[in-house]
Amino acid sequence: ASPRQRLECQIFLPADSPCAHPRIRGDLPHPQRPPSGRGVESGVRGMGMSRGGLVCQQAVGALLLAACVVSGALGDTLDPIVDTIRPSNGPTKGGTIITIGGTNFGSADSNIQPRVTVGGEACPSVVWVSKSSVLCETPDGVGADRSVVVEVGSRQSAPSAQSKFQYDSPKVLGIEPAHGPAKGGTMVTIAGLNFGETNSNPSVTLGGRPCQSVVWLSGTKLTCVTPSGTGVGDVRVFVLDESSPENFGTVFEFDPPVITSLAPPHGPCAGDFTITVRGKNFGSSDSHPKISLGGAACEKSAWVSDGEVTCVAPRGSGSGKQVVVEILGQKSRTDAKSAFSYDGPRIDRLSPPNGPTMGGTEVTVVGRN
């Protein structure tokens, strides 16, 4: 029989036999005299304990008359087994009342109080309901797949897929301030839930980039220093093996590019020269800026630093052409500081330089723009 089954066994014993143990009379038939032809007065060969229960051997000489293992006859001889946990999740602050279903949780007349742990931490309150049910108030904790273990005396349940409890994942509710420069360095405060009642070394990402110097303040508050970045990104908190969901709605916005000067502010209509664009919030080396001049893409755009990018000018003409820097969908605003002018026409020489007053002379004009 398996450890969870009761082996029914009828043993014909004298009423005063040691095998008629008072602790198991309720589980065995009443002792009886052997049926006709079964033998004579018998002697007790042995009685002892085993993992399965009480072992009693009744023998006549060398003849084994009966041997029986009464599984579960004594409530403290089998390991507890956890089959169900309801509910199977709860907040990291603890206090969730869970019902643990299973077997071998002890008996009402036992002076042994079951002990329950969740993820190795003892439940602050445990209530025995029956040999197959125990109530537990969860301690505070973090993480998924925390093993629920029931201990009865010196025996305890083994971890299994059915004995897992999951603390709720972190949830981000807000961030203050919600924006900052692309070069990073902004101290932000993140509010939410299930960050843990004690410091479990959480981590934070802004748009996929790790936040620096994360400080746990409470189960609902963290601080960190923003990394460099561009665009708009999700704020995510990671605690052990759990994380807040993506695209939850709380975002941090790196400030858009700002142009403060162009060098040079003008150039020939033929293009193919480099304009140095200075400003801020141009991000990092992987920002891949897109720069346009008067609506036409630069022949080549390059990142130099958070405060400088370059553009190889396309062909064009006219004045007041706006330079726009775009990084991950964020565009710089246009104003007088971002205006570029193509040089006007310039005459270098005339051939011939003179002619009769009556006109009619064909003149070749040599110049640029």
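Predicted model, so just to flag it, every value in this text is computed and none were measured.

Quick word on the packing of aromatic side chains
Moving on, step 1. Counted by the stated rule, this structure contains four aromatic pairs.
Moving on, step 2. Relative to F254, the ring of F252 lies with its centre 5.1 Å away and its plane at 80°, an arrangement referred to as edge-to-face. For the pair shown, F252 and F254 are each scored as buried.
Moving on, step 3. Grouping aromatic residues by their ring pairs yields a cluster made of F273, F340 and Y342.

Some points on the sheet that holds strand β14 (residues 171-176)
Moving on, step 1. A sheet is described by the order of its strands in space; here four strands give the open sequence β14-β16-β20-β19, paired in antiparallel fashion. Lying at the two open borders of the sheet, with one neighbouring strand each, are β14 and β19 (212-218). Across the sheet, the mean angle from the axis of one strand to that of its neighbour is 25°, orientation sign disregarded.
Moving on, step 2. Relative to strand β16 (residues 187-193), β14 runs antiparallel, the two sharing five bridges.

Some words on a nonpolar patch on the surface
Moving on, step 1. Where nonpolar side chains cluster on the molecular surface, the patch consists of I347, L350, V363 and V365 and spans about 360 Å² of accessible area.
Moving on, step 2. Within the secondary structure, V365 is located in strand β35 (residues 364-368).

Quick notes on the confidence of the model for the protein chain
Moving on, step 1. For the protein chain, the mean per-residue pLDDT works out to 82, and 79% of the residues sit at or above 70.
Moving on, step 2. In the predicted structure, residues 1-76 sits below a pLDDT of 50 and forms 121 contacts with residues beyond four places in sequence or in another chain.

What to know about the sheet that holds strand β9 (residues 125-130)
Moving on, step 1. The strand order across the open sheet formed by four strands is β4-β6-β10-β9, and the pairing between neighbours is antiparallel. Across the chains shown, the open sheet's two edge strands, defined by having one partner strand only, are β4 (81-86) and β9. Taking the axes of each pair of neighbouring strands and ignoring which way they run, one obtains an average angle of 25° across the sheet.
Moving on, step 2. Two elements, strand β6 (residues 97-103) and strand β10 (residues 133-137), share five bridges in a ladder whose sense is antiparallel. Its bridge partner lying in β10, T99 is registered against L135.

Comments concerning the pairing of strand β23 (residues 251-254)
Moving on, step 1. Burial of β23 is one-sided: the residues F252 and F254 facing one way are buried, the residues V251 and E253 facing the other way are not.
Moving on, step 2. Bridge count for strand β15 (residues 179-180) against β23 is two bridges, and the pairing is parallel. Bridging across to β23, G180 finds its partner in F254.
Moving on, step 3. One ladder, built from three bridges, connects strand β21 (residues 232-239) with β23; its direction is antiparallel. Bridge pairing links G233 to F252 in β23.

Considerations on the side chain of N104
Moving on, step 1. Mapped onto the secondary structure, N104 falls in the loop between β6 and β7 (115-118).
Moving on, step 2. A polar contact of 3.0 Å, which involves the side chain of N104, links it to the backbone oxygen of D79.

Comments concerning the pattern of salt bridges
Moving on, step 1. If you walk through the whole model with that rule in mind, you get seven salt bridges.
Moving on, step 2. The shortest N-O distance in the salt bridge between D79 and R155 comes to 3.1 Å. Of the two residues, D79 is situated in the loop between β3 (63-71) and β4 and R155 in strand β12 (residues 155-156); the sequence distance between them amounts to 76 residues.
Moving on, step 3. Judged by its relative accessible area of 23%, R155 is partly exposed.
Moving on, step 4. Connected via shared salt-bridge partners are R346, D348 and R368.

What to know about the state of the cysteines
Moving on, step 1. Summed over the entire model, instances satisfying the criterion amount to three disulfides.
Moving on, step 2. Here C123 connects covalently by a disulfide to C136, the sulfurs 1.9 Å from one another. On the sign convention where negative is left-handed, the bridge of C123 and C136, at about -65° about the S-S bond, is left-handed. Of the two residues, C123 sits in the loop between β8 (121-122) and β9 while C136 sits in strand β10, which places them 13 residues apart along the sequence. A single burial state applies to C123 and to C136, both of which are buried.
Moving on, step 3. With a sulfur-sulfur separation of 1.9 Å, C298 is cross-linked through a disulfide to C311. The sign of the S-S torsion, about -90°, decides the handedness of the disulfide formed by C298 and C311: left-handed. Taken together, the residues span a long stretch of sequence, with C298 in the loop between β28 (296-297) and β29 (300-305) and C311 in strand β30 (residues 308-312) at a distance of 13 residues.

Thresholds, definitions, all that
Residues numbered from 1 in each chain as written. Predicted model: local features only at pLDDT ≥ 70, side-chain atom pairs only at ≥ 80, totals over all residues. Heavy atoms only, no water. Phe/Tyr/Trp six-rings, centres within 6.5 Å; stacked < 30°, edge-to-face > 60°. Buried < 20%, exposed > 50% of the residue type's maximum accessible area, 1.4 Å probe, protein only. Pairing = 2+ DSSP bridges. Helix = DSSP H or I, 4+ residues; strand = E, 2+ residues; numbered from the N terminus. Axes fitted to C-alpha atoms, helices over the stretch in contact; angles between N-to-C directions. Patch = residues over 30% accessible without salt bridge, like charges linked within 9 Å, V, L, I, M, F, W, Y side chains within 5 Å. Areas by Shrake-Rupley, 256 points an atom, 1.4 Å probe, with all protein chains shown as cover. Salt bridge = Lys/Arg side-chain N within 4 Å of Asp/Glu carboxyl O. pLDDT = per-residue confidence, 0-100. Contact = heavy atoms within 4.5 Å. Polar contact = N/O pair within 3.5 Å; in protein donor to acceptor, adjacent residues only side chain to side chain. Disulfide = S-S within 2.5 Å.

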